[in-house]
2 protein chains.
Amino acid sequence: MSQTNFSSRDLRNALSSFATGVTIVTSREDDGSPVGMTASSFNSVSMEPPLVLWSVTKTAHSAEIFKSAKHFNVHVLASDQTDLSNAFAKSGADKFSGVEYKTNDHGIPILPYAAARFECSTWAVYEGGDHWIIVGEVQAIERQPTEPLVFSGGAYATAASLRPASPDPEEAAKDQSHVDGLLIYNLSRAYRQLADTFHATVRESGLSIREWRVLASLHGETPRTLNELTTRTFINPRGLMELLANMREAGLCIIEGSGDDTRYSGTEKGNEQVERLFALSGKQEQAAVGDDEKRDQLLDLLQLVVRNTHD
Amino acid sequence: MSQTNFSSRDLRNALSSFATGVTIVTSREDDGSPVGMTASSFNSVSMEPPLVLWSVTKTAHSAEIFKSAKHFNVHVLASDQTDLSNAFAKSGADKFSGVEYKTNDHGIPILPYAAARFECSTWAVYEGGDHWIIVGEVQAIERQPTEPLVFSGGAYATAASLRPASPDPEEAAKDQSHVDGLLIYNLSRAYRQLADTFHATVRESGLSIREWRVLASLHGETPRTLNELTTRTFINPRGLMELLANMREAGLCIIEGSGDDTRYSGTEKGNEQVERLFALSGKQEQAAVGDDEKRDQLLDLLQLVVRNTHD
């Protein structure tokens, strides 16, 4: 059913279905001071001329700087750059302190280790409601061989390959390619198929995946700090604070204290939801593997891989 | 190193680092005939008023229709809608034949089963080089509890949760949450960490991940048709044809025949690269699990999960 009377929370939730990468856009003030902000509103526009766009909220500290800047650089972040993304998503703070960066010929900051970089000259600035739409002509590009960061459902992620679902076993035996025998492809498929089932269960219970992650992190040893929750849920601090306020409204979590001393814990209602979903998840996992013994064996092997490949 | 003298292929490759969702945008001609096209250039713009944008190539069959349309609907596709995405990415064909759809009050097609839908009135159309940038004001939204489709590195994917990397084992024992014992989170982490390593190896060999997938699919039983490759690589037909032409230039694949009879196979050089990468992958997997016996055990259990959760 279409919803014509929607809140900005409803809109944000619907928009979060559309996955994006995460970028940091940088420029400089007239005096040369660097400015930068995290943006997921980036996209490509044109090949000839090469154009890209992003949008900046008009109330942002640096909105006027970006609007009048002649040049800016867009950095597409790699999957290990969530801390940088969080740092540049904060308003006001000195985002460049402690960040090693160079500048290009136009004095625009270049952040290292991004998955890709687009050095742009401003081509047009368009009206976009509470945002400015900034279109840049790409002057230079750079790519790094790293896994890009994905933002989906309001949380950080990476892209997992979609592979054709396991065909009929007899067909598979006739046409066994090397790829089907690789661990990573089987990990990816097993993850996707199990996650599809479990995530549908979570959503049917009336929770978003983000809310489930927060509730699961608030279960057990609590109360927790915002920092602990950021680390455990991979949701950025700003999104997390908004989410937690909404979850308090819904009677799912308790917020105590203020400022840096704020502590979060689950309500009885929230904890009951988590326990019910854990139980359902356990059943789904058992059905997927066959029995408890095999499930534990698989879990042990996966944890071994996680430990051995962690750098 | 920045590249200031880049081809449109270089630009496309760099842009493919930025993940997006996949949408189908629909509208209608004056006579009521439905039009629709696949677009990944969608993004949110403004909350107040609620604005979104996408861009349409000026040479598209339906560009003038979208440019002058008063209303359009954006459908954010779910992960099981790759066939629909491919169908609406073709030019010319009768895309709506065989597709069940309704229309809203403005006569604009509504496609079922999307992860989210935004029913929009056209708010502005901006100049964007070889594209029009179309800004819509959202009039109605709808969400479905399904996993959204992701487009990353030029191929279809889903989002895999980023979870904090495995902490120091002693810390983990003290702070063992339920989530750490779920199969899906361990599958996701094991996948991500192994894939990060292997994908870096692929990129260091000079191949993109897409090229690797195509080469791996051309290894063994060949020649293959475009359809077979689309199914095996999860790259859309248009992107795949462009990629295969580039790979032929690079001496990696052979293209024989034409039209529907076109067949693709790997060159000796391409096959050698695949075999070298398979060998490296085998070593990485062995290092990750410890020994061959455990690797085979893990593979068996994963394939069991894949079979049991396949619908």
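Residues numbered from 1 in each chain as written. Chains lettered and ligands numbered in written order. Predicted model: local features only at pLDDT ≥ 70, side-chain atom pairs only at ≥ 80, totals over all residues. Heavy atoms only, no water.

We now examine the overall build of chain A. Secondary structure summary: chain A contains 10 helices and 14 strands in total. Considered along the principal axes of its C-alpha atoms, chain A spans approximately 65 × 55 × 45 Å. Burial status across chain A gives 58% buried among its 311 residues. (Helix = DSSP H or I, 4+ residues; strand = E, 2+ residues; numbered from the N terminus. Buried < 20%, exposed > 50% of the residue type's maximum accessible area, 1.4 Å probe, protein only.)

Residues and elements named next belong to chain A. Across six bridges, strand β2 (residues 23-28) lies against strand β3 (residues 34-39) in antiparallel orientation. If you follow S27 over to β3, its bridge partner there is V35. A loop of five residues connects β2 with β3, the two strands running antiparallel in sequence, and G32 in this loop sits at a positive phi of about 95°. (Pairing = 2+ DSSP bridges.)

Inspection of the secondary structure puts A160 of chain B in strand β12 (residues 155-161). By relative accessible area, A160 of chain B is classed as buried at 1%. Between the alpha carbons of A160 of chain B and D180 of chain B there is a distance of 15 Å; along the sequence they are 20 residues apart. Filtering out sequence-adjacent residues up to four positions away, A160 of chain B remains in contact with A157, T158, A160 and Y191 of chain A together with S188 of chain B. (Contact = heavy atoms within 4.5 Å.)

Below, the discussion takes up the pairing of strand β10 (residues 131-143) of chain B. Residues and elements named next belong to chain B. Counting buried residues along β10, 10 of its 13 residues qualify, which places the element largely inside the surrounding structure. Taken together, the 12 bridges between strand β9 (residues 116-128) and β10 define a ladder with antiparallel strand orientation. Its bridge partner being in β10, E119 is matched across the sheet by A140. Between β9 and β10, which pair antiparallel in sequence order, lie two residues; one of them, G129, sits at a positive phi of approximately 70°.

Once that is clear, we can look at the interface of chain A and chain B. Listed as interface residues are 133 residues of chain A and, on the opposing side, 133 residues of chain B. Across the interface of chain A and chain B, roughly 12,100 Å² is buried in total on both sides, 64% from carbon and sulfur atoms. Summed over the shared surface of chain A and chain B, the number is two salt bridges. Residue R203 of chain A is joined to E147 of chain B by a salt bridge in which the shortest nitrogen-to-oxygen separation is 3.5 Å. Summed over the shared surface of chain A and chain B, the result is 32 residue pairs in polar contact (both at pLDDT 80 or more). With 18 residues, the single largest contributor to the side of chain A that touches chain B is helix α5 (residues 183-204) of chain A. Grouping the constituent residues of the side of chain A that touches chain B by class yields 64 nonpolar, 43 polar and 26 charged. Alignment of strand β12 (residues 155-161) of chain A against β12 of chain B, held across five bridges, turns out to be antiparallel. The residue of β12 of chain B that forms the bridge with S161 of chain A is A157 of chain B. (Buried area = accessible area lost by both parts, 1.4 Å probe. Salt bridge = Lys/Arg side-chain N within 4 Å of Asp/Glu carboxyl O. Polar contact = N/O pair within 3.5 Å; in protein donor to acceptor, adjacent residues only side chain to side chain. Nonpolar A, V, L, I, M, F, W, Y, C, P; charged D, E, K, R; others polar.)

Bringing the pattern of salt bridges into the picture now. All names here are of chain A. Evaluation of the coordinates by the stated rule reveals 17 salt bridges over all chains. The partner of E119 in a salt bridge is R117, and the shortest N-O contact between them spans 3.1 Å. For the residue pair E119 and R117, the accessibility class agrees, reading buried in each case. Each member of the salt-bridge network shares a partner with another, and the members are R117, E119 and E142.

Time to look at the confidence of the model for chain A. Residues at a pLDDT of 70 or more form 94% of chain A, whose mean pLDDT is 89. In the model output, the complex is listed with pTM 0.81 alongside ipTM 0.81. (pLDDT = per-residue confidence, 0-100.)

Residue and element names in this part refer to chain B. The strand order β3-β2-β6-β9-β10-β5-β4 describes an open sheet built from seven strands, whose pairing is antiparallel. Both edges of this open sheet fall to β3 (34-39) and β4 (43-46), since each of them pairs with a single strand only. With direction set aside, neighbouring strand axes in the sheet form an average angle of 35°. Here strand β5 (residues 51-57) runs beside β10; their pairing, made up of seven bridges, is antiparallel. Of the residues in β10, the one forming a bridge with W54 is I134. (Axes fitted to C-alpha atoms, helices over the stretch in contact; angles between N-to-C directions.)

Note on the identical chains: chain A maps onto chain B by a rotation of 180° and an axial translation of 0.0 Å, with an RMSD of 0.0 Å. Overall, the copies show the geometry of a two-fold rotation axis. The share of interface residues of chain A whose copies in chain B are also at the interface is 100%, consistent with both copies meeting through the same surface. (Least-squares fit on C-alpha atoms with pLDDT ≥ 70 in both.)

The next subject is helix α1 (residues 8-15) of chain A. All of the buried residues along α1 of chain A are L11, N13, A14 and L15 of chain A. Structurally, α1 of chain A contributes buried residues whose contacts are with α6 (209-218) of chain A together with β4, β5, β9 and β10 of chain B.

With that out of the way, let us pick up helix α8 (residues 237-249) of chain A. Residues and elements named next belong to chain A. Between its first and last C-alpha, α8 extends 19 Å over 13 residues, near the 18 Å set by a 1.5 Å rise per residue. Listed as buried for α8 are P237, G239, L240, L243, L244 and M247. In an axial view of α8, the angular spread of the buried residues amounts to 150°, which keeps them on one side of the axis. For α8, the exposed residues set more than 90 degrees away from the buried face come down to R238 and E249. (Expected span 1.5 Å × (residues − 1). Arc of directions from axis to C-beta.)

Okay, the nonpolar core next. Core analysis: the biggest nonpolar cluster contains 86 residues, and W212 and L298 of chain A together with W212 and L298 of chain B have the highest contact counts within it. Among all residues touching W212 of chain A, those that are not within four sequence positions of it are F198, V202, L207, V274, L277 and F278 of chain A together with L182 and Y185 of chain B. With 30 residues, the next largest nonpolar core counts A60, F72, V76 and I141 of chain A among its residues. (Core = buried A, V, L, I, M, F, W, Y, C linked by side-chain atoms within 4.5 Å.)

Following the sequence through the fold, S55 of chain B ends up in strand β5. Those residues in contact with S55 of chain B, other than ones at most four positions away along the chain, are S44 and V45 of chain A together with S41, H131, W132 and I133 of chain B.

Our next topic: unusual backbone geometry. Cis geometry is found at the peptide bond from E48 of chain A to P49 of chain A, where omega equals 0°. With respect to the helices, strands and loops of the structure, P49 of chain A is situated in the loop between β4 (43-46) and β5 (51-57). Despite not being glycine, Y113 of chain B has its phi angle at roughly 70°, a positive value. Relative to the elements of secondary structure, Y113 of chain B occurs in the loop between β8 (109-110) and β9. Residue Y113 of chain B is classed as exposed on the basis of its relative accessible area of 55%. The backbone of F234 of chain B shows a phi angle near 55°, a positive value even though the residue is not glycine. Looking at where F234 of chain B falls in the secondary structure, it is placed in the loop between α7 (226-233) and α8 (237-249).

Paired through backbone hydrogen bonds, the strands of a sheet run either parallel or antiparallel to each other. All names here are of chain A. Spatial ordering of the open sheet is given by β3-β2-β6-β9-β10-β5-β4, a layout of seven strands whose pairing is antiparallel. Strand pairing shows two members of the sheet lacking a second neighbour, β3 and β4, which therefore form its edges. Pairwise comparison of adjacent strand axes, ignoring direction, gives a mean angle of 35° for this sheet. Where strand β6 (residues 71-76) lies against strand β9 (residues 116-128), six bridges are found, and the strand directions are antiparallel. Counterpart to F72 in the pairing with β9 is C120.

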